[in-house]
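Coordinates in review
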Amino acid sequence: MASSAKQGPKIVSKSSAGGAGAVGAGGGLPVMPLASPLMGKKKKPFLGMPAPLGYVPGLGRGATGFTTRSDIGPARDANDPVDDRHAAPGKRTVGDQMKKKEEDEEDLNDTNYDEFNGYAGSLFSSGPYEKDDEEADAIYAALDKRMDERRKERRELREKDEIEKYRMERPKIQQQFSDLKRKLSGMSEEEWLSIPEVGDARNKRQRNPRNEKLTPVPDSFFSKHLQTGDKHTTVDPLQGLAGLNTPYPGSMTPGTGELDMRKIGQARNTLMDMRLSQVSDSVSGQTVVDPKGYLTDLNSMIPTHGGDISDIKKARLLLKSVRETNPHHPPAWIASARLEEVTGKLQVARNLIMKGTEMCPKSEDVWLEAARLQPGDTAKAVVAQAVRHLPQSVRIYIRAAELETDMRAKKRVLRKALENVSKSVRLWKTAVELEEPEDARIMLSRAVECCPTSVELWLALARLETYENARRVLNKARENIPTDRHIWITAAKLEEANDNVQMVEKIIDRAITSLRANGVEINREQWIQDAEECDKAGSVATCQAVIRDVIGIGIEEEDRKHTWMEDADSCVSHGALECARAIYAHALQMFPSKKSVWLRAAYFEKNNGTRESLEALLQRAVAHCPKAEVLWLMGAKSKWLAEDVPAARSILALAFQANPNSEEIWLAAVKLESENNEYERARRLLAKARSSAPTARVFMKSVKLEWVLGNIDAAQELCTEALKHYEDFPKLWMMRGQIEEQGENMDKAREAYNQGLKKCPHSSGLWWLLSRLEERVGQLTRARAILEKARLKNSQSPELWLESVRLEFRAGLKNIANTLMAKALQECPNSGILWAEAVFLEARPQRKTKSVDALKKCEHDPHVLLAVAKLFWSERKITKAREWFLRTVKIEPDLGDAWALFYKFELQHGTEEQQEEVRKRCENAEPRHGELWCAESKHVLNWQKKTGEILAGVAGKIKNTF
């Protein structure tokens, strides 16, 4: 065999046709004799014989066979994606697919065996599958499903992320061509039509044949030719019928009959006029059709559908296909009818939907649509037919009742419906609404028998019954529906309405117990909502009982106070004041020694309750918290505002016993006496206070009292004595300097301020007063130097920067003022008073831009909000200005300047009611701060003025300089 293999190449090499030699070497075909020297040699014995089994040509000399790429296709790496671009995760690469195939093949090798788990695959996958196997597989599947659900959410999120990542890495072809598709929006219709279809080689005219247009000749054409002298005014009737041609223009068309076009046009107009006249007077002179508006009415009949005609045709075709494919599919008939209705073909829509009722007689929606599309009497007939096919349909009965115009007919229809469908709550409710109270009560008593689980029917019956019968009805309702809270609450309201208040608490307690026994979870929020509804309905005792029983459910002990205060605020915001009062009462029972809870309750009573309720609460409060000075002071102030000065004195006396050295109570007592012109008593109280509770504020109030009463010498002596003890209290130095200024002793005032600044170098008020003093005496340079020195020591004080800017502005140096303002905003970028001033330093066109910058830096600063309100006021934008004033006083009610400007604004642009509202709100807020406000309220001549008087005074001094 080896020798024969060696002889093969010799034949190939010496032959002139290599192809024949190759075939001979293959050993499968006979070799043709060639014209060569080989013809004389002996022929090989194996030529022409079949190859032995397993023979491979060239194997003996080491020429092994090989496989080319074309034989097996392109090489695929394990990480290459599969052909399916939208394969699920785990099947997206060639490696994943190969693993799947390997897993599918059962491996029963010993290396795949484990002592505990057995074989990795199934040993009996090829065996018969019996019922036991099915039950076992079902159990294992249930277990797997249960285990899988635990990790389902995480797995789904992970798979979602993988799919999104895959979509980003390998976008669809549709997404790859989206940018090219976007450019198609700029194509014209002609360009689009000129794009040839695939395989369509015809030209444009052949591809888009135009229909031949036939336009009738108008009458104006003939009248025009008549005026030009043409005699050809008639048309041969045979021409239109038999296609005869006119022999030549200008001549008469031969024929037996002639038609005059002018006469036809005139006759047509006359006939239309007669018809319109007949229609307009068809009913005993009553106008049915307006001849003038006839064409307008015709226009209204044109379908108003805005879609493209081609879209409508496509939709019609599609719906027709759906109807023919599945004629018993109700939505197809409904959609078809609505399409025709939208396009203005109402009769076609009616015909379609009636055909739909024949094909789908058991479809409620089809019958209702048919009843909607048909006119009155026809709709009734349709509904009657629907009832015969669907005698249990509630919606069809309701529609039948709606179609009836007579009340008796409506009742008759509904009663007939209730005979067939007695379990429908909706039918009973609709029927009861049409009846008188007595008949409604009878119907409801039958309704609750038919629908014993409807809470609404039970409650409606209870409302119509007498007290005793209502109790029996509600007891039956509780027996039938033991899990509904509304029945219990209605029972409590019933008892309260009949003055049986002691039963209310018992009913609510039993309700909670019974509902829990029946497995109902007590939802705290729902019960509080029910309590709010009871409050709004006037059932105060029921509301309070519900709050007491449910307020503590489901709350941790450490969260109780915080949660209850939030609940009370929520009730106040919803207008449920009794609920809030009940929550505060319960909280005070649980936390009797908490000062903050008493304060919240007191403020609630002050804002929403009466003076008596506030005073009663405060009496209880001071009994539990005798060390809470603010509670004593609120009680005394309430008595004082009620002009009950002796009661206020007695409260303060009790407060002294509980807090013997309290500065606040001493000063409150002094204020009470001084406001009521008891100056000697006030002096004695202050003297006692200076001996028993000597504080800087007590000394300051002592000096202030003597100063406002005109005892300057006594005030100066007290001030000197106070400064010996409290030389670092800047207000005493200020008062000393102001007293000297009032007496025109500028040198002594300057000395007082300078001494004060040595002791209190960080007091902006002292620097400010000293600067104003120098400016007043004409020493502008010295005033500027003082403020520069002040800013060096207090570089972050916006008040000093503001005074420096205003000093330059008052001196007429606006450029320097602007430069200083820029520096100030760099040092104090979040200062509201500086930004508010910066807005009005700008020229009018730039103020709006500056205000936007200010709001970005200080969004919730009251001074900036006030500046924006003034800006709108200056631009006469009254509504916006009022909104911003309201926003300002809401965010900072203690800013007196805002109230004064708001009041001034309302005096100019508001009504008397709006002015009064601002004044009352200001008096309730009792503002104490603000540059303009303090200048007025702290003036020695205004020390006894009330808040309303100060408001009017400040508003009177404001000028609209902006």
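Criteria and thresholds
Residues numbered from 1 in each chain as written. Predicted model: local features only at pLDDT ≥ 70, side-chain atom pairs only at ≥ 80, totals over all residues. Heavy atoms only, no water. UniProt positions renumbered as here; feature names shortened; annotations may be inferred. Helix = DSSP H or I, 4+ residues; strand = E, 2+ residues; numbered from the N terminus. Buried < 20%, exposed > 50% of the residue type's maximum accessible area, 1.4 Å probe, protein only. Contact = heavy atoms within 4.5 Å. Areas by Shrake-Rupley, 256 points an atom, 1.4 Å probe, with all protein chains shown as cover. Core = buried A, V, L, I, M, F, W, Y, C linked by side-chain atoms within 4.5 Å. Patch = residues over 30% accessible without salt bridge, like charges linked within 9 Å, V, L, I, M, F, W, Y side chains within 5 Å. Salt bridge = Lys/Arg side-chain N within 4 Å of Asp/Glu carboxyl O. Lys, Arg positive; Asp, Glu negative; His and termini not counted. Charge placed at Lys NZ, Arg CZ, Asp CG, Glu CD. Axes fitted to C-alpha atoms, helices over the stretch in contact; angles between N-to-C directions. Parallel < 35°, antiparallel > 145°, perpendicular 65-115°, else oblique. Left-handed = near helix turned anticlockwise from the far one by under 90°. Nonpolar A, V, L, I, M, F, W, Y, C, P; charged D, E, K, R; others polar. Expected span 1.5 Å × (residues − 1). Phe/Tyr/Trp six-rings, centres within 6.5 Å; stacked < 30°, edge-to-face > 60°. Lys NZ or Arg CZ within 6 Å of the ring centre and 35° of its normal.

Naming follows an unreviewed UniProt entry, where the protein appears as Pre-mRNA-processing factor 6 of Champsocephalus esox. Reading the Function (unreviewed entry) entry of the UniProt record for the protein gives the comment "Involved in pre-mRNA splicing as component of the U4/U6-U5 tri-snRNP complex, one of the building blocks of the spliceosome. Enhances dihydrotestosterone-induced transactivation activity of AR, as well as dexamethasone-induced transactivation activity of NR3C1, but does not affect estrogen-induced transactivation."

For the rest of this paragraph, the subject is the overall build of the protein. Helix and strand counts for the protein stand at 53 helices and four strands. Counting over 962 residues, the protein shows a buried share of 34%. Relative to all contacts within the protein whose residues are 6 or more apart in sequence, the contacts with residues 24 or more apart total 49%. Of the accessible surface of the protein, which amounts to about 60600 Å², a share of 53% is contributed by carbon and sulfur atoms.

Tracing the backbone shows Ser 336 in helix α16 (residues 330–342). Once you skip the residues sitting within four places of it in the chain, Ser 336 turns out to touch Leu 319, Arg 323 and Leu 352.

With that settled, consider the nonpolar core. Trp 527, Ile 547, Val 550, Trp 564 and Leu 631 are the most contacted members of the largest nonpolar core, which totals 79 residues. Among the nonpolar cores identified, the runner-up in size contains 34 residues, and Val 708, Cys 719, Leu 769 and Val 940 belong to it.

Taken together, Glu 130, Asp 132, Asp 133, Glu 134, Glu 135 and Asp 137 make up a surface patch of like negative charges. With respect to the helices and strands, Asp 132 occurs in helix α5 (residues 131–150). Here Asp 132 falls in the exposed class, since its relative accessible area comes to 55%.

Now for unusual backbone geometry. Residue Arg 876 is not a glycine yet carries a positive backbone phi of 65 degrees. As for its position among the elements, Arg 876 is in the loop between α48 (862–874) and α49 (878–891). The phi dihedral of Glu 926 is positive, around 50 degrees, even though this residue is not glycine. Residue placement: Glu 926 occurs in the loop between α51 (912–925) and α52 (931–937).

Packing of helix α43 (residues 780–793) against helix α44 (residues 798–810) leaves a shortest axis separation of 10 Å and a crossing angle of 160 degrees. Taken together, the axes of α43 and α44 are roughly antiparallel relative to one another. Once α43 is placed against α44, the crossing between them reads as left-handed. Of the residues in α44, those touching α43 at Leu 780, Ala 783, Arg 784, Leu 787, Ala 790 and Arg 791 are Leu 800, Trp 801, Glu 803, Ser 804, Leu 807 and Glu 808. Of the residues assigned to the contact of α43 with α44, the class counts are seven nonpolar, one polar and four charged.

This next bit is on a nonpolar patch on the surface. A contiguous nonpolar surface patch, about 400 Å² in accessible area, is contributed by Leu 184, Trp 192, Leu 193 and Ile 195. With respect to the helices, strands and loops of the structure, Leu 193 is situated in helix α9 (residues 189–194).

This brings us to a positive patch on the surface. Residues Arg 146, Arg 150, Arg 151, Arg 154 and Arg 158 make up a contiguous surface patch of positive charge. Where the positive patch is concerned, the elements lending two or more residues are α5 and α6 (152–169). Structurally, Arg 154 is set in helix α6.

A few words now on helix α50 (residues 896–909). Its 14 residues give α50 an end-to-end C-alpha distance of 20 Å, which sits within 8% of 20 Å, the value for a rise of 1.5 Å per residue. Within α50, eleven of the 14 residues are buried, which leaves the element mostly enclosed by the surrounding structure. Among the residues making up α50, those that are buried are Gly 896, Asp 897, Ala 898, Trp 899, Ala 900, Leu 901, Phe 902, Tyr 903, Lys 904, Phe 905 and Glu 906. Buried positions along α50 lie against α48, α49, α51, α52 and α53 (947–957).

The next point concerns the pattern of salt bridges. Scanning the model with the defined rule gives 37 salt bridges in all. With a shortest N-O distance of 3.0 Å, Arg 581 and Glu 578 are connected by a salt bridge. Of this pair, Arg 581 and Glu 578 both sit in helix α31 (residues 577–590), three residues apart, roughly one helical turn. Members of the salt-bridge network, linked through shared partners, are Arg 338, Glu 341, Glu 369 and Arg 372.

What follows is about the environment of Val 342. Inspection of the secondary structure assignment puts Val 342 in helix α16. Assessed through its relative accessible area of 40%, Val 342 is described here as partly exposed.

Glancing now at the environment of Arg 620. Along the polypeptide, Arg 620 turns up in helix α33 (residues 611–624). Sequence separation between Arg 620 and Trp 598 is 22 residues; the distance between their C-alpha atoms is 9.0 Å. Residues in contact with Arg 620, not counting those within four places in the same chain, are Leu 588 and Trp 598.

Right, let's get into the packing of aromatic side chains. What the rule picks out here adds up to eight aromatic pairs. With centroids separated by 6.3 Å and ring planes inclined at 35 degrees, the aromatic side chains of Phe 872 and Trp 884 adopt a geometry described as tilted. Taken together, the residues span a long stretch of sequence, with Phe 872 in helix α48 and Trp 884 in helix α49 at a distance of twelve residues. For Trp 884, a relative accessible area of 14% puts it in the buried group. For the pair Trp 873 and Phe 905, a centre-to-centre distance of 5.5 Å together with 85 degrees between the ring planes defines the contact as edge-to-face. Taken together, the residues Trp 873 in helix α48 and Phe 905 in helix α50 connect sequence positions 32 residues apart. No difference in accessibility class separates Trp 873 from Phe 905, as the two residues are buried. What links up through ring pairs into an aromatic cluster is the set Trp 873, Phe 885, Phe 902 and Phe 905. When the ring centre of Trp 333 is taken as reference, the NZ or CZ atom of Arg 323 above it lies at 5.5 Å.

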